[in-house]
Each structure stands twice: as structure tokens, then as C-alpha cells.
Amino acid sequence: MTTSYLPLHPEHNTLFNELHARPFPVLSQGTRVSQLALLHEGQTREAEVQHLTQLCLHLGFPPPANSQACQHLHFGQLELRWERHTEFSTYTVIHAEAAAAPFLVPALSLLPSAWLAQLPGKIISGVHIEIHALPTRAPDADSVRKHFDGHRLISSWVIDRKARLWTAFRLHNDSMGRILIQNGSLNPCQLGRLVRRLLELETYRMMLLLAFPLARQMAPALTSMDEQLATITAEINAIRDLGDERLLLSALSTLAAEIEHLRSQTNFRFSAARAYYELIQNRLAGLREQEESGLQTFSEFLPRRLTPAFRTCEATVSQLDDLARRIDRASELLRTRIDLTLEAQNQELLHAMNQRSQIQLKLQQAVEGLSVVAISYYLVGLVKYAAESLHEMQLLAHPALITGLSVPVCVALVWRGMRQLRRGLGQ
């Protein structure tokens, strides 16, 4: 039955098949596995696929058919699995043929050394895993230690005591780690899942620890910033004027910018560390370990050393967040003080302006009074000239009397005119 008529999402098939994008290997007893994890360091997926193509051509096999982020290449009994992740890529070499003794001939040594030297990126993790049969006689640490250059061993039974794990979590002479699996009754699928889980543990713990040096490097800077903030906060109470407030606000703004710069530079690394830590806890739980008397298990050894590093990173993130919050509170307090200072200054300015307005009003009233007198004076003068002219023409007998009587009339008319003018301007 066809379903081509269904309105499928464009990513439907891709998302569904994501469950099968990176399948675990099916491994038999006697298999040797080596894995390298490389940080991308700016290397593109196309560059890595091209490097895989060079290996195929060198060994006389067909190159990858596509440039997908997961490639499984088979070279006879040798298999190379390349997987590209967000920050790193893994190269897993699987050889299904047992060596005479553990780690005598690692699977990685079967690839051309010149090709390995040109791998794109920088190696962050490397480990050899070998699967051997569980001896009929219970193995002891002394008999296994020789395969780990005499280092102290970590060991446990896993998956209902069906297999025994051994490691030293040390770098050996080839700068690689080693894990020995002594298989009792695990089937090939279970062995594949176990190996996959161990490989992820090794890679994720190294990726988590990338954040630890960064946290230690930031510690002096954060301590200095904390002291600067404490000094600025103490000086808030000693502010004398608006200039001091502005200087402190400028210092707080500079400190806030430095904090945000640090957060933007480190946020991804610390967030990734948190994700890797949770993945490590999940993978350790999946081992279902049982302790062997006198030896530490993976679940005892790894968290005891990884957790302090992870907590240091978490404390650094908390300190950054705490500094940012304290700077915000101090800035808010300082801005409130500045607003109150400005408001007080504005009140004083308004009071001064009100006083000036009252003075101006009084001056205006005085000027208006003088204006009434002056205009009345000139108006009476005009009446006097008119009365004297009429007297000369013998039309008016007493010009001085007319002039004197016109004084109150002129003053009243001018005062009324000024009053009407003032009312008109007020409208």
C-alpha cells in the first residue's frame, strides 16, 4: 500500500531514521577496537570525508558514497567507523582477529601511520579496547597488571557478572588509554553495546574536562571583579555629589560589560560540560557494575575525580551569575540615588524659577504703573496743546482748567486700556 499521498513533514524520514544513524557494532570475542576522538579545530565535514577518501584509495577500496556525518568503511576484516558530532569526530577502528596478548598489536596500528598523522583536528581522547575470554580461573589484578604497564587497576563485574572490565585510566607509551574486557557469556550485540558505552565514557569524560582549565583560569579574574564590586558598593554610601554617582555608575557599567564578555565566551563550554556530565552518569548506570573486593569500580573511580572538576565549573558559572545579579542590584541602587538627586535639583530649580517669576510679575506690575503715568503724561500734554490752541483761536476761555480736568480722565482711560490689554494677552 502506497502512502505517497500523505502530507509528510519534509524532515519526517530523516528524523525517524536518526535512531539508526549511529548503530552500535556487533562484536565477537577476540575483537580489537581502537578509537580516536578529535576536536574539529575549524575542520569541515567535507575535509574529513576527503581524508577518508584518501585512505580508501590508498588501501584499494571504493571511497565513501556520500558525505554524511557517519561512515562505516570495511577493509576486509578491518572496519573503520567515522562519526562527526557537534564538537568532535570519532574514528573507531575494529579488527575482528585476536592478538596473542592484550594490546600487543592494537587495531589502530593496522592503519597507515602517515594517514593517521594527517587526521583533521586535534586528538582529545584515545583508547584501545580488547575483548578476550574470561579465564576459567578467576582473574586477579597481578596477572592483568602486566598488560597495563604495571599501573594500579580499576576493575568490576558488569551486566549481571557476565563480563569483567579492567583499566588503569592511565596514558601508556602510545599516549592512549586501555580497557580490557574479559567476556564470560555476553553475546555479540551485548558486547557491541558494552564497547560503545565504554568508548563514550572515555570521550565524554575528556570533553567534560575541557571546561576545568577554563574555570581555573577564570578564578583570579572573578576574584578581582568581586573585590572591585565590593569596593564600588562600599563607595555608594560615601557619595558627595552627582559627579561621584556618575563615576561609580560608569565603573559598574564597565564591570558589567566584562562579566557579560566572560559569560558569552564560556557559556557554551560550561553548558556542554553539564551535558557531558549527565551523559557520563547515564553510561555508568548502564554498566550495572558489581564490585570485586579490593578494587575500585568505574562508578567509584570516575565520579570521585570528575565530580570535583565539574563542581568547580558549576561554581564558576554560579559566581558569574551572582556577580551579574549583584552588579544589577548595585546599578539599580545607584540609578535610584541619581534619580533622587536629579529630582531634588529639579525641585530647587522650579522653586528658584517660581521666585524669579514672582519678582518678574512685581517688576511687570511696577512697569505697568510707570507706563500708565508716562502715557497719561504725554496724553495730558496733547490735551494741553489742544486747549492752548483753542484759546488762541478764542474758542476756549480757560485752557489751564481744561488741562487740569483732563488729568484724571486720561489716567483712567490709560489704566483701563492697559487692563484690557493684559486681559487680552492672558486669554
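Residues numbered from 1 in each chain as written. Predicted model: local features only at pLDDT ≥ 70, side-chain atom pairs only at ≥ 80, totals over all residues. Heavy atoms only, no water.

Moving on, we get to the overall build of the protein. Broken down by element type, the protein carries nine helices and nine strands. The C-alpha extent of the protein, read off along each of the three principal axes, is 160 × 60 × 45 Å. Expressed as a percentage of the 427 residues in the protein, the buried residues total 40%. For the protein, long-range pairs separated by at least 24 residues make up 72% of all intrachain contacts whose partners lie at least 6 apart in sequence. For the protein, the accessible area works out to roughly 24800 Å², and carbon and sulfur atoms hold 56% of it. Taken as two groups, the 42 positive and 41 negative side-chain charges of the protein have centres that lie 3 Å from each other. (Helix = DSSP H or I, 4+ residues; strand = E, 2+ residues; numbered from the N terminus. Buried < 20%, exposed > 50% of the residue type's maximum accessible area, 1.4 Å probe, protein only. Contact = heavy atoms within 4.5 Å. Areas by Shrake-Rupley, 256 points an atom, 1.4 Å probe, with all protein chains shown as cover. Lys, Arg positive; Asp, Glu negative; His and termini not counted. Charge placed at Lys NZ, Arg CZ, Asp CG, Glu CD.)

One finds Ile 129, Ile 181, Leu 194, Leu 198 and Leu 287 to be the most contacted residues of the largest nonpolar core, which totals 39 residues. Per-element accounting of this core gives the leading share, nine residues, to helix H5 (residues 188-209). Those residues in contact with Leu 287 that sit more than four places away from it in its chain are Val 158, Ile 159, Leu 165, Leu 194, Arg 197, Leu 198, Leu 201 and Phe 298. Counting 25 residues, the second-largest nonpolar core is a separate cluster that includes Leu 229, Ile 239, Phe 270 and Ile 327. (Core = buried A, V, L, I, M, F, W, Y, C linked by side-chain atoms within 4.5 Å.)

On to the packing of aromatic side chains. What the rule picks out here adds up to seven aromatic pairs. One aromatic cluster in this structure is built from Phe 169, Phe 298 and Phe 301. We note Arg 193 situated over the ring of Phe 24; from NZ or CZ to the ring centre the distance is 5.3 Å. (Phe/Tyr/Trp six-rings, centres within 6.5 Å; stacked < 30°, edge-to-face > 60°. Lys NZ or Arg CZ within 6 Å of the ring centre and 35° of its normal.)

What follows is about the environment of Gln 35. Following the sequence through the fold, Gln 35 ends up in strand E1 (residues 32-39). On the basis of relative accessible area, Gln 35 is assigned to the buried category, the value being 7%. Counting along the chain gives 59 residues from Gln 35 to Ile 94, while the straight-line C-alpha distance between them is 8.7 Å. With near-sequence residues (within four places) excluded, Gln 35 lies in contact with Thr 90, Tyr 91, Thr 92, Ser 125, Gly 126, Val 127, Met 176, Leu 199 and Thr 203. Of the polar contacts made by the side chain of Gln 35, one reaches the side chain of Thr 92; its length is 2.8 Å. Side-chain polar atoms of Gln 35 contact the side chain of Thr 203, separated by 3.2 Å. (Polar contact = N/O pair within 3.5 Å; in protein donor to acceptor, adjacent residues only side chain to side chain.)

Now for unusual backbone geometry. The phi dihedral of Phe 103 is positive, around 65°, even though this residue is not glycine. By relative accessible area, Phe 103 is classed as buried at 6%. A positive phi is found at Ile 159, a non-glycine position, where the angle reads about 50°. Within the fold, Ile 159 resides in the loop between strand E6 (154-158) and strand E7 (163-167).

Here we come to the pairing of strand E8 (residues 177-183). Summarising burial for E8: seven of the seven residues are buried, a large majority. Burial along E8 is two-sided: the residues Gly 177, Ile 179, Ile 181 and Asn 183 and Arg 178, Leu 180 and Gln 182 are all buried. Two strands pair when backbone bridges link them, and strand E5 (residues 122-133) and E8 are joined in this way by seven bridges, in the parallel orientation. The residue bridging His 132 from the neighbouring strand is Gln 182, located in E8. As defined by bridge partners, E7 adjoins E8 across five bridges and the pair is classed as antiparallel. Bridging across to E8, Ala 163 finds its partner in Asn 183. (Pairing = 2+ DSSP bridges.)

This part takes up H5. Over its 22 residues, H5 extends 32 Å from the first C-alpha to the last, a length consistent with the 32 Å expected when each residue adds 1.5 Å. In terms of residue burial, H5 counts as a mostly covered element, since 16 of its 22 residues are buried. (Expected span 1.5 Å × (residues − 1).)

Turning our eyes to something else, we now look at the packing of H5 against helix H6 (residues 211-236). At a minimum axis separation of 4 Å, H5 and H6 run at an interaxial angle of 15°. The orientation of H5 with respect to H6, classified from their angle, is roughly parallel. Contacts from Met 207, Leu 208 and Leu 209 of H5 reach H6 at Ala 211, Phe 212 and Pro 213. Grouping the constituent residues of the contact of H5 with H6 by class yields six nonpolar, no polar and no charged. (Axes fitted to C-alpha atoms, helices over the stretch in contact; angles between N-to-C directions. Parallel < 35°, antiparallel > 145°, perpendicular 65-115°, else oblique. Nonpolar A, V, L, I, M, F, W, Y, C, P; charged D, E, K, R; others polar.)

Here the focus is the environment of Asp 142. Relative to the elements of secondary structure, Asp 142 occurs in helix H4 (residues 141-145). According to the relative accessible area criterion, Asp 142 is exposed, its value standing at 59%. The spatial distance from the C-alpha of Asp 142 to the C-alpha of His 12 is 54 Å, given a sequence separation of 130 residues. A polar atom in the side chain of Asp 142 sits 2.7 Å from the side chain of Arg 145.

The next subject is H6. A rise of 1.5 Å per residue sets the reference length of H6, with its 26 residues, at 38 Å; its end C-alpha atoms lie 36 Å apart and thus fit the reference within 8%. The sharpest bend along H6 measures roughly 35° and falls at Ala 219, with the proline Pro 220 sitting one to four residues further on. Among all positions in H6, only Ala 211, Ala 215, Met 218, Leu 222, Met 225, Leu 229, Ile 232 and Ile 236 are buried. (Bend = angle between axes of the 7 residues up to and from the residue.)

Turning next to the sheet that holds E6. Pairing within the open sheet is mixed, and its nine strands lie in the order E2-E3-E4-E1-E5-E8-E7-E6-E9. Of all strands in the sheet, those bounded by a partner on one side alone are strand E2 (70-75) and strand E9 (290-291). Pairing between E2 and strand E3 (residues 78-84): six bridges, direction antiparallel. Residue pairing for E3: His 74 is matched across the bridge by Glu 79. Against the sheet, helix H2 (residues 45-59) contacts E2, E3 and strand E4 (88-95), and its axis sits at roughly 170° relative to E3.

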